Amino acid sequence: MPSVSNKGLTMPQSPIRKLVPFAESAKKKGVHVIHLNIGQPDIKTPQQALDAVKNNNINVLEYSRTEGSEEFRSKIAKYYIKNDIPVTADDIIVTTGGSEALSFAMNTIADTDDEIIIPEPFYANYNGFATACGVTVVPVVSKLEDNFALPPIEEFEKLITNRTRAILICNPGNPTGYLYSKEEVQKLATLVKKHNIFLVADEVYREFTYDNKTHTSILKEEGLEEHAIVIDSVSKRYSMCGARIGYLVSKNKDFIATALKFAQARLSPPTYAQIASEAALDTPDSYFAEVKEEYVARRNLLITELEKIDGIKIAKPQGAFYCIAELPIKDADHFAQWLLEDFSLDNETVMVAPAAGFYATDGLGKKQIRIAYVLDKESLKRAVYILSEALKNYKG
Ligand SMILES: Cc1ncc(COP(=O)(O)O)c(C=O)c1O
């Protein structure tokens, strides 16, 4: 039999999806599984985005321009300008989700065996994209006790070699919920300029910041124009994960011209999804105000309920919709599987994401889980109750 590639063999499995078969068998046994494990919001997609797809008179579903339609990119630029981010349509490539933007970015800035430094825990798919393009992820540990704040800048500098091409951050963070301050972003900006490397910021959760804190985009940093690359997406912002539209944004002309060649190879982003996403840009600010209010209420409830559990440690999130908790157990992978296979309370159980899969360093995060607060408050409260009862019964 012909063999698959070594690259394929080293491609990491999603730490979240590997538990899916256990959830499926629990469901087949009639157990109701409350999903705290995935970042699929339950928030309604803005109506005008849904209507735009229904109410158009397209007769031929053509390819669009490789970089996304002119009208759409101009409207995206207006969105950024409204957020005090000075970009034009020419600085933007529309991609098939933030996922493709990440893949184009890594391929554009790094060759095989080049290195990208990322604070861990990080969005697990960064590992997948890095493996696919032969890039080595070099982690810097951030700590739950510090709410996963930016590690000291010296820790990053120590790791810079002649192979380092970039530092990649996620702001606000998945899985940490941490929101980097202006000072933290500036420290990174100074470092990447000093070593002439890129700073890539995954800002897909930009809109989700709480406690009156504002988001600092790296695109606002003066003097960082040639270094800054932003990954963006409509998935979470407008609860449009299935649209598969994201953007790659940079003022660096060489970067955009090179990324465009990768984009040309896949021809164009999806047409209907661009129509929906363009309409979504007209979403009134009141939508975000309501959505934020809902997430803040969920976060507060989640933290209050989790704090009732003996021996738990929680990092308080200030953005996105994730929270990492350290449980009084030895192995969260085992616990998460046990929850699905061997535990239920009145025929219900919970599915959580073991956090070890968000770390690149072996052994870290073993007692931690990531909870996504993308469920209504009642379900969240019930889920944490089930979790606390499960911990009382768990003998792992
Ligand atoms: C931090 C982060 N970046 C990027 C993505 C990719 O999103 P999409 O491809 O749906 O735009 C996700 C999805 O969960 C994410 O959490």
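What counts, and at which threshold
Residues numbered from 1 in each chain as written. Predicted model: local features only at pLDDT ≥ 70, side-chain atom pairs only at ≥ 80, totals over all residues. Heavy atoms only, no water. Helix = DSSP H or I, 4+ residues; strand = E, 2+ residues; numbered from the N terminus. Rg over C-alpha atoms; globule rule 2.2 N^0.38 Å. Buried < 20%, exposed > 50% of the residue type's maximum accessible area, 1.4 Å probe, protein only. Contact = heavy atoms within 4.5 Å. Areas by Shrake-Rupley, 256 points an atom, 1.4 Å probe, with all protein chains shown as cover. Pairing = 2+ DSSP bridges. Axes fitted to C-alpha atoms, helices over the stretch in contact; angles between N-to-C directions. Expected span 1.5 Å × (residues − 1). Arc of directions from axis to C-beta. Patch = residues over 30% accessible without salt bridge, like charges linked within 9 Å, V, L, I, M, F, W, Y side chains within 5 Å. Salt bridge = Lys/Arg side-chain N within 4 Å of Asp/Glu carboxyl O. Lys, Arg positive; Asp, Glu negative; His and termini not counted. Near = heavy atom within 4 Å. Polar contact = N/O pair within 3.5 Å; in protein donor to acceptor, adjacent residues only side chain to side chain. Nonpolar A, V, L, I, M, F, W, Y, C, P; charged D, E, K, R; others polar. Phe/Tyr/Trp six-rings, centres within 6.5 Å; stacked < 30°, edge-to-face > 60°. Core = buried A, V, L, I, M, F, W, Y, C linked by side-chain atoms within 4.5 Å. Domains from an automatic or database assignment. Right-handed = clockwise from strand over helix to strand, strands pointing away. Buried area = accessible area lost by both parts, 1.4 Å probe.

(A) Structural view of the overall build of the protein chain. Counting secondary structure elements, the protein chain contains 13 helices and 13 strands. For the protein chain, the C-alpha radius of gyration of 21 Å lies close to 21 Å, the compact-globule estimate for 396 residues. Within the protein chain, buried positions represent 56% of all 396 residues. A separation threshold of at least 6 residues defines the contact pool for the protein chain, and within that pool the share at least 24 residues apart is 75%. Of the roughly 17600 Å² that the protein chain leaves accessible, carbon and sulfur atoms contribute 50%.

(B) Here's a closer look at the sheet that holds strand E7 (residues 228-233). The strand order E2-E8-E7-E6-E5-E3-E4 describes an open sheet built from 7 strands, whose pairing is mixed. What marks the edges here is a single partner per strand, and that holds for strand E2 (92-95) and strand E4 (136-141). Sheet twist, expressed as the mean angle between neighbouring strand axes with direction ignored, is 20 degrees. The strands that helix H5 (residues 97-109) touches are E2, strand E3 (115-120), strand E5 (164-170), strand E6 (198-202), E7 and strand E8 (246-249); relative to E7, the one it contacts most, it runs at about 160 degrees.

(C) Main features of helix H8 (residues 182-195). Here H8 spans 20 Å end to end across 14 residues, near enough to the 20 Å set by a 1.5 Å rise per residue. Listed as buried for H8 are Glu184, Val185, Leu188, Ala189, Leu191 and Val192. All buried residues of H8 lie within an arc of 165 degrees about the axis, which places them on one face of the element. Of the residues in H8, the exposed ones pointing more than 90 degrees away from the buried face are Glu183, Thr190 and Lys194. For H8, the elements touching its buried residues are helix H7 (153-159), E5 and E6.

(D) Structural view of a nonpolar patch on the surface. Residues Val53, Ile58, Leu61 and Tyr272 make up a contiguous nonpolar surface patch of about 310 Å² in total accessible area. The topology assignment puts Tyr272 in helix H10 (residues 271-280).

(E) View of the side chain of Lys236. Looking at the element boundaries, Lys236 is found in the loop between E7 and E8. At 9.5 Å, Asp202 is the nearest oppositely charged side chain to Lys236, a buried residue that forms no salt bridge. Discounting residues that sit within four places of it in the chain, Lys236 has contacts with Gly39, Val204, Tyr205, Phe208, Cys241, Phe321 and Tyr322.

(F) Spotlight on the sheet that holds strand E10 (residues 322-326). Read across the sheet, 4 strands follow the order E9-E10-E13-E12 without closing on themselves; strand pairing throughout is antiparallel. The sheet is open, and its two edges are formed by strand E9 (313-314) and strand E12 (353-354), each paired on a single side. Where E9 lies against E10, 2 bridges are found, and the strand directions are antiparallel. Each residue of the ladder has a partner; that of Ile314, found in E10, is Ala325. Running over the sheet, helix H11 (residues 285-306) touches E9, E10 and strand E13 (368-372) and is turned about 5 degrees from E10.

(G) Focus on the site of the ligand. Lining the immediate surroundings of the ligand are 14 residues, of which Gly98, Ser99, Asp202, Ser233 and Ser235 lie closest. In the model, an oxygen atom of the ligand is placed 2.6 Å from a nitrogen or oxygen of the Gly98 main chain. Between Ser233 and the ligand, the recorded distance is 2.6 Å, taken from a side-chain N or O atom to an oxygen atom. Expressed as a share of its isolated accessible area of 390 Å², the protein-covered part of the ligand is 93%. Of the residues in the shell around the ligand, the class split is 5 nonpolar, 6 polar and 3 charged.

(H) Inspection of the packing of aromatic side chains at higher detail. With the rule as written, the count across this model stands at 20 aromatic pairs. Here Phe208 and Phe321 contribute two aromatic rings whose centre-to-centre distance is 5.5 Å and whose plane-to-plane angle is 70 degrees, an arrangement assigned as edge-to-face. Of the two residues, Phe208 is situated in the loop between E6 and E7 and Phe321 in the loop between E9 and E10; the sequence distance between them amounts to 113 residues. Note on Tyr287 and Phe288: the rings are 5.3 Å apart at their centroids and 90 degrees apart in plane angle, and the pair reads as edge-to-face. The same class applies to Tyr287 and to Phe288, which are both buried.

(I) Molecular detail of the nonpolar core. By size, the foremost hydrophobic cluster in this structure holds 139 residues, and its most contacted members are Ile167, Tyr247, Leu248 and Phe335. Per-element tally for this core: the top contributor is H11, with 8 residues. A domain-level breakdown of this core finds at least three residues from each of domain 1 (6-44 + 286-393) and domain 2 (47-281).

(J) Representation of the pairing of E4. With 6 bridges joining them, E3 and E4 adopt parallel strand pairing. Within E4, the residue paired with Pro119 across the bridge is Val140. In this region the chain leaves E3, passes through helix H6 (residues 125-132) and returns to the parallel neighbour E4; the handedness of that crossover is right-handed.

(K) Just the domain arrangement of the protein chain, in detail. Each assigned domain of the protein chain is listed with its residue range as follows: domain 1 (6-44 + 286-393) and domain 2 (47-281). Centre-to-centre, using C-alpha coordinates, domain 1 lies 25 Å away from domain 2. The junction of domain 1 with domain 2 conceals about 3300 Å² of combined surface from both sides, 60% of it contributed by carbon and sulfur atoms. It is Phe288, Gln318 and Phe358 in domain 1 that bury the most area against domain 2; as a group they hold 20% of the surface buried on that side. At the surface where domain 1 touches domain 2, the tally comes to 1 salt bridge. The interface formed by domain 1 and domain 2 contains 18 residue pairs in polar contact (both at pLDDT 80 or more). At the level of secondary structure, the elements contributing two or more residues to the side of domain 1 that touches domain 2 comprise helix H1 (6-10), H11, E9, E10 and E13. Of all the elements, H11 adds the most residues to the side of domain 1 that touches domain 2, at 7 residues. Taken together, the residues of the side of domain 1 that touches domain 2 break down into 24 nonpolar, 8 polar and 8 charged.

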